[in-house]
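Structural overview for review
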Amino acid sequence: MKTEVYLRGENIFKEVSIASNIKSRISGEYLKKWEEILNLIADIIDIPSVLIMRINENTMEVLVNNTNRENPYESEDEEELGCGLYCETVTGKDKELSVENALENDSWKDNPDVDLDMISYYGLPIKLPSNDMFGTICVLDNETRKLSETQKELIKKFKNVIEKDMELLNSQNKLKEKEKLFQKVLNHSIEGIALLDKNFNIKSVNTKFKEIFEYNENELININIKDLIIPEYEYEDFLKYKNQVLGGKDVETVVKRKTKNGDTRIISLNLFKVELSNKETGVYAVYNDITYKRKREKSIKEIKNRLSLAIRGANIGVWDWNIKTGEVHFNENWANMLGYSLDELENNINTWDKLVYEEDEKEIEKDLNEHLYGNSKIYKNEHRLRNKFGNFKWIRDIGKVTHRDKNGEPIRMVGVHIDIDEKKRYEEKIEYLSFHDDLTGLYNRRYFDQKMVKLKDSNKYPITLIIGDLDKLKEVNDKYGHSLGDYYIKKSAKVLKDLVRKKDTVARIGGDEFAIILTEINKDKIKKIIKRINEELNKINKKEELSVPLSISLGLETAENKKEFEEIFEKADRKMYKNKQLEG
């Protein structure tokens, strides 16, 4: 951990390495001892203030103060770093500082301690065993003071005492951490534990150890562990770890060990040195059997590999969306499906946005938000994406939120694209054929009937229905053949289709019968449509010199409401037949 101190004399800031949590591990016993040392220094030197200062990340703190004199400083007093304290210079330079009278020194006359009338200072740095800076031991006086070399040497001796205490404290804390780890392991008893002497003979084991290696206790005690559970191919590593732990360095590794029956176990192994009750060196060995875990990991890896092969083989595009950043990762199939290579696409959500067919956006947004807000277990949508060549391809998009934050907001979503273009085109073709007439391309009777049912309860009134019947089609078929009859039908269909609005419906509802549905249209416009139909038929007759003139008998009826709509077809049909009879 680093902090910065201000060196007043040089007028610069300097970085200092400090420990982050040593204070919390200093017991009251040590603090009391140090207070007694400070009181002793104050008495011997006859000085009002003796302090141990602790440097923190942002402050210089009074950790311990002498209590046998009138001292303006108290424990836990703090001053912000950066204001040029005496102790900042000591810790920054890592050496002693002596100021006999700050008021006579331009560099020190306005330092913060002068406000407490502390004009004289002598301090030494205190270091931790890690060589990080702990703080200082210092003396301050409210009058000019020049310490003798003997007095300085005395303070240095006490500084050494404090640093030795730090080393002892560090060792004690390490020992406590090991004891805590050991106690935790024993209490939970989920790993096999063996206590070994310095030669690695077994002194004791727990139940889990016996369970893992299939021995009973009588077969283990006072037997060298090498002879029981170490495979020959592990001897070299075993000796290496043995020497490492006996040298004072803990071991944490993964090894293979054998059971009584010769089965191999994959073990997560921890070794650490301890002192036995007879004061000799011992080792605690902790064995966590991870054989099943490793097999499962291997199995999962194999499944993932097979899945990856399946995805590639099935041409499935995969996407992985970081919802917070907008970053999206696509696989090669995702890009290839649309005619791109992966390096041609940017890894962000805009790539997908730009390719979506505009008319599909609203439905996508609805389905996606349903899932993102937790209202559906999975996101599914079929939409069109523009490929590299400008054509649109149908895609089935399936995904799921895999991560949410603590507030339930979605963070990550993963999904797949499946190419359904051929299937969709086929379905569209089937749908087209089921609602269209093969000969003319107009809607068929099935579509017409469904349209009429929907319009009955709609708000599209007034609705006008025109029924048309091609005149003399039987005569044309009988005299000139069905090919010419088909020509008459197609020609009539084109006239009717071309002369109505795009939103109107034109259908072939019988062999020679047509229907036109006009919605929300006034009578004048209807008359114009009828007039244009007749005029166009006359033009064709003049131009093509047909054997039998092309003509269509028409009848129309308008419904202003649902009740009138119920009879609209019959009335329009009757009027058509009436006009047919009149025209002869």
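Report follows, based on the coordinates. Every value quoted in this text rests on a predicted model; they were computed, and no experiment measured them.

1. Some points on the overall build of the protein chain
- Scanning the protein chain from terminus to terminus reveals 17 helices and 22 strands.
- Its C-alpha radius of gyration of 47 Å places the protein chain more than 25% over the 25 Å reference for a compact globule of 584 residues.
- Its C-alpha atoms give the protein chain principal-axis dimensions of about 140 × 80 × 45 Å.
- The 584 residues of the protein chain split such that 43% are buried.
- Restricting to contacts in the protein chain with at least 6 residues of sequence separation, those with at least 24 account for 54%.
- Carbon together with sulfur atoms contributes 47% to the accessible area of the protein chain, which is approximately 33,300 Å² in total.

2. So, the packing of helix α13 (residues 473-480) against helix α14 (residues 482-498)
- Running from amino to carboxyl end, α13 crosses α14 at an angle of 150°, the nearest separation of the two axes being 7 Å. Taken together, the axes of α13 and α14 are roughly antiparallel relative to one another. Side by side, α13 and α14 meet where Leu 473, Val 476, Asn 477 and Tyr 480 of the first sit next to His 482, Leu 484, Gly 485, Tyr 488 and Ile 489 of the second.
- A per-class count over the contact of α13 with α14 returns 6 nonpolar, 3 polar and no charged.

3. A short note on the side chain of Asn 39
- Summarising the element assignment, Asn 39 is placed in helix α1 (residues 28-45).
- Once residues lying within four places of it in the same chain are set aside, the contact partners of Asn 39 are Asn 66, Thr 67 and Asn 68.

4. Re the pattern of salt bridges
- Applying the stated rule across the entire model yields 45 salt bridges.
- Measuring nitrogen to oxygen at the nearest pair gives 3.3 Å for the salt bridge that ties Lys 159 to Glu 163. A residue pair is termed a helical-turn pair when its members lie 3 or 4 positions apart in one helix, as Lys 159 and Glu 163 do in helix α3 (residues 149-188) at 4 residues. The exposure classification of Lys 159 matches that of Glu 163, with both residues buried.
- Across the pair Asp 457 and Lys 562 runs a salt bridge whose closest N-O atoms are separated by 2.9 Å. Pair noted here: Asp 457 is in the loop between α12 (445-456) and β19 (463-470) and Lys 562 is in helix α16 (residues 562-565), with a separation of 105 residues, a long-range link.
- For Lys 562, a relative accessible area of 41% gives the class partly exposed.

5. Thoughts on the sheet that holds strand β22 (residues 552-559)
- With respect to topology, 4 strands assemble into an open sheet ordered β20-β21-β19-β22, the strand pairing being antiparallel. Sheet topology places β20 (505-508) and β22 at the edges, where each strand pairs with a single neighbour. Ignoring which end each strand starts from, the neighbouring axes of this sheet average 15° apart.
- Pairing geometry for β20 and strand β21 (residues 513-519), over 4 bridges, is antiparallel. Looking at β21, one finds that Ala 507 is bridged to Ala 515.
- The strands that α14 touches are β19, β20, β21 and β22; relative to β21, the one it contacts most, it runs at about 5°.

6. A few points about the pairing of strand β12 (residues 264-275)
- Note that strand β11 (residues 251-258) and β12 share 8 bridges and pair antiparallel. Considered in β12, the bridge of Thr 253 is made with Leu 269.
- Where β11 folds back onto β12 in an antiparallel hairpin, the turn is made up of 5 residues, including Gly 262, whose phi is positive at roughly 90°.
- As judged from the 9 bridges shared by β12 and strand β13 (residues 281-289), these two strands associate in the antiparallel manner. Bridge pairing in β13 places Glu 275 opposite Thr 281.

Conventions adopted
- Residues numbered from 1 in each chain as written.
- Predicted model: local features only at pLDDT ≥ 70, side-chain atom pairs only at ≥ 80, totals over all residues.
- Heavy atoms only, no water.
- Helix = DSSP H or I, 4+ residues; strand = E, 2+ residues; numbered from the N terminus.
- Rg over C-alpha atoms; globule rule 2.2 N^0.38 Å.
- Buried < 20%, exposed > 50% of the residue type's maximum accessible area, 1.4 Å probe, protein only.
- Contact = heavy atoms within 4.5 Å.
- Areas by Shrake-Rupley, 256 points an atom, 1.4 Å probe, with all protein chains shown as cover.
- Axes fitted to C-alpha atoms, helices over the stretch in contact; angles between N-to-C directions.
- Parallel < 35°, antiparallel > 145°, perpendicular 65-115°, else oblique.
- Nonpolar A, V, L, I, M, F, W, Y, C, P; charged D, E, K, R; others polar.
- Salt bridge = Lys/Arg side-chain N within 4 Å of Asp/Glu carboxyl O.
- Pairing = 2+ DSSP bridges.

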